[in-house]
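So you can see what is in the structure, the chains are spelled out below.
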Amino acid sequence: MATTKKREMVFFDVETAAAPSPTDASAQWWLLEFGAILVCPRRLVEVSSYSTLIRPDDAGADGSSVPSSAPSFEDVFPDIFELLDGRVWAGHGIRRAGCPRMLEAFAAFGLP
């Protein structure tokens, strides 16, 4: 399975919200939505997909567009980590926003 995972590609996107001062390096960010498609690199076809809204844990987050019934990141991080771990990551704007936000969120749970 590990060899197969290394060949698979995950195209993902995240939606985030920031505290009122996004220019501040210590600004707080919240993940509001995560979506991904797992793609077979040989045939370039969708193998599976996953998407979820994410309810911010902090009441100060701009999560008004996220229903209170949405899961928290703590509820969904095992599924997201399993999807991303060991695979090639791809997506629009992920170097600037997606990767740093995901790495920060995983680090909060002691994951690489």
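The preceding data block contains the structure.
Asker: Tell me about the nonpolar core, residues and numbers included.
Answerer: Among the nonpolar cores identified, the biggest contains 20 residues, and Phe12, Phe34, Phe73, Ile80, Leu84, Met102 and Phe106 are the most heavily contacted of them. Looking at this core, the elements that each hand over two or more residues are β1 (9-18), β2 (29-40), α2 (73-84) and α3 (94-107). Leave out the neighbours within four places in its chain, and Ile80 touches Phe34, Tyr50, Ile54, Phe73, Met102 and Phe106.

Asker: Describe α3, naming the residues involved and giving the relevant values.
Answerer: Each α-helix winds once per 3.6 residues, and so residues spaced three or four apart point in a common direction. With 14 residues, α3 extends only 17 Å from end C-alpha to end C-alpha; this falls clearly short of the ideal 20 Å at 1.5 Å per step. When α3 is considered as a whole, its buried residues turn out to be Ile94, Gly98, Cys99, Arg101, Met102, Ala105 and Phe106. Looking straight down α3, one finds its buried side chains confined to an arc of 160°; they lie on one side. Of the residues in α3, the exposed ones pointing more than 90 degrees away from the buried face are Arg95 and Arg96.

Asker: Requested: an account of the pairing of β1, with residues and values cited.
Answerer: The pairing of β1 with β2 spans ten bridges and is classified as antiparallel. Among the inter-strand pairings, Val14 is bridged to a residue of β2, identified as Phe34. The pairing of β1 with strand β4 (residues 88-90) spans three bridges and is parallel. Note that in β4 the partner of Val10 across the bridge is Trp89.

Asker: Residues and numbers for the packing of aromatic side chains, please.
Answerer: Scanning the entire structure with this criterion turns up eight aromatic pairs. Measuring from centroid to centroid gives 6.1 Å for Phe73 and Phe77, while their planes differ by 25°, and the two rings are stacked. Pair noted here: Phe73 and Phe77 are both in helix α2, with a separation of four residues, about one helical turn. Among the residues examined, Phe73 registers a relative accessible area of 9% and is labelled buried. Accessibility expressed as a relative area gives 15% for Phe77, which makes it buried. Each ring, one from Phe81 and one from Phe106, has its centre 5.1 Å from the other, and the planes form 85°; the classification is edge-to-face. Of this pair, Phe81 sits in helix α2 while Phe106 sits in helix α3, and the two are 25 residues apart along the sequence. Pair check on accessibility: Phe81 and Phe106 agree, each one buried.

Asker: Explain the environment of Met102 to me, using residue names and the numbers behind them.
Answerer: Among the secondary structure elements, Met102 is positioned in helix α3. Taking the C-alpha atoms as reference points, Met102 and Leu84, separated by 18 residues in sequence, lie 9.7 Å from one another.

Definitions and limits used
Residues numbered from 1 in each chain as written. Predicted model: local features only at pLDDT ≥ 70, side-chain atom pairs only at ≥ 80, totals over all residues. Heavy atoms only, no water. Core = buried A, V, L, I, M, F, W, Y, C linked by side-chain atoms within 4.5 Å. Buried < 20%, exposed > 50% of the residue type's maximum accessible area, 1.4 Å probe, protein only. Helix = DSSP H or I, 4+ residues; strand = E, 2+ residues; numbered from the N terminus. Contact = heavy atoms within 4.5 Å. Expected span 1.5 Å × (residues − 1). Arc of directions from axis to C-beta. Pairing = 2+ DSSP bridges. Phe/Tyr/Trp six-rings, centres within 6.5 Å; stacked < 30°, edge-to-face > 60°.

Remember, this is a structural readout, not a statement about activity or role.
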